[in-house]
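# Remarks on the overall topology
What follows is the residue order along each chain.
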Amino acid sequence: MLLENERKKIIEIALKVKAEKLIPLTFGNFSLRDPETGYVCITPSGMPYDTLHPSDIVVVDVNNNIIDGERRPSIEMPLHTAMYRKRPEINGIVHTHSTFCTAWACREGGMPCIIAETAELVGGMVRCAKFVPPGSDELAEVTSDAIGQDKAILMGNHGVICIDETIDKAFNDAIIIEESAKVAYIAYQMGNVNTLEEQMIHFLKKDAEENYGQK
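Residues numbered from 1 in each chain as written. Predicted model: local features only at pLDDT ≥ 70, side-chain atom pairs only at ≥ 80, totals over all residues. Heavy atoms only, no water.

On inspection of all chains with the given rule, the structure shows three aromatic pairs. Consider the rings of Trp104 and Tyr188, whose centres lie 6.0 Å apart with planes at 75 degrees: the pair is edge-to-face. Within this pair, whereas Trp104 is found in helix H3 (residues 99-104), its partner Tyr188 is found in helix H6 (residues 167-190), the two being separated by 84 residues in sequence. Judged by its relative accessible area of 6%, Trp104 falls in the buried class. Judged by its relative accessible area of 37%, Tyr188 is partly exposed. (Phe/Tyr/Trp six-rings, centres within 6.5 Å; stacked < 30°, edge-to-face > 60°. Helix = DSSP H or I, 4+ residues; strand = E, 2+ residues; numbered from the N terminus. Buried < 20%, exposed > 50% of the residue type's maximum accessible area, 1.4 Å probe, protein only.)

Turning our attention to the sheet that holds strand E7 (residues 152-155). Overall, mixed pairing links the eight strands, which are arranged E4-E3-E2-E1-E5-E8-E7-E6 in an open sheet. With one partner strand each, in any of the chains shown, strand E4 (66-68) and strand E6 (128-129) form the two edges of the open sheet. In this sheet, strand E5 (residues 92-96) lies alongside strand E1 (residues 29-33) in antiparallel orientation, the contact comprising four bridges. Counterpart to Leu32 in the pairing with E5 is Gly92. The strands that helix H2 (residues 77-86) touches are E1, strand E2 (40-42), strand E3 (58-60), E5, E7 and strand E8 (159-164); relative to E1, the one it contacts most, it runs at about 35 degrees. Docked against the sheet, H6 engages E1, E5, E7 and E8, running at close to 140 degrees with respect to E8. (Pairing = 2+ DSSP bridges. Contact = heavy atoms within 4.5 Å. Axes fitted to C-alpha atoms, helices over the stretch in contact; angles between N-to-C directions.)

Our focus in this paragraph is H6. Its 24 residues give H6 an end-to-end C-alpha distance of 35 Å, which sits within 8% of 34 Å, the value for a rise of 1.5 Å per residue. Buried within H6 we find Ile167, Ala170, Phe171, Asp173, Ala174, Ile177, Glu178, Ser180, Ala181, Ala184 and Ala187. Phi turns positive, to about 90 degrees, at Gly191, one or two residues after H6. (Expected span 1.5 Å × (residues − 1).)

Structure representation (structure tokens):
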């Protein structure tokens, strides 16, 4: 089977996302790009994640041509492939409908940066791309443009998408951004929120990139 291990990894991530309650039912979609072939493995459309077999994962190229697989790929395939075309350094994408991120995506102005983890991940306020109908080519273009060089962006009235060097890192980003969204929501209910200053945000992001984790 073409890219069997990569297809298994997609299922592993889908089950982790579900276990973390970042999606209801079959919402969301996940993909990874194989650096050697350039092919993208992506979840199929509308199939329960706990029933997936590696053969259900669809292999496509970055121009949306199906290379292997008999299932219909996620309707957000154009969004994933647009991200891969514009960001050659990323190889993993996690798109969720997590509750607090989606709530912030339903208001104007994006999500404020009030904790270090958000600063380290995005480098400031989490921006929100305008609402465009799901599955459309316009959604792919609007969102892949709006994310710029960030690792996460809210999708207007829709959810959130995280991109990173690997799908494991993108999964971790999805957890971080949802926790950040939850903290921000609670803080604003309490009132008198202290947002991080821009200079400190830049310092935290750079410090995390240079010093966090193992080399």
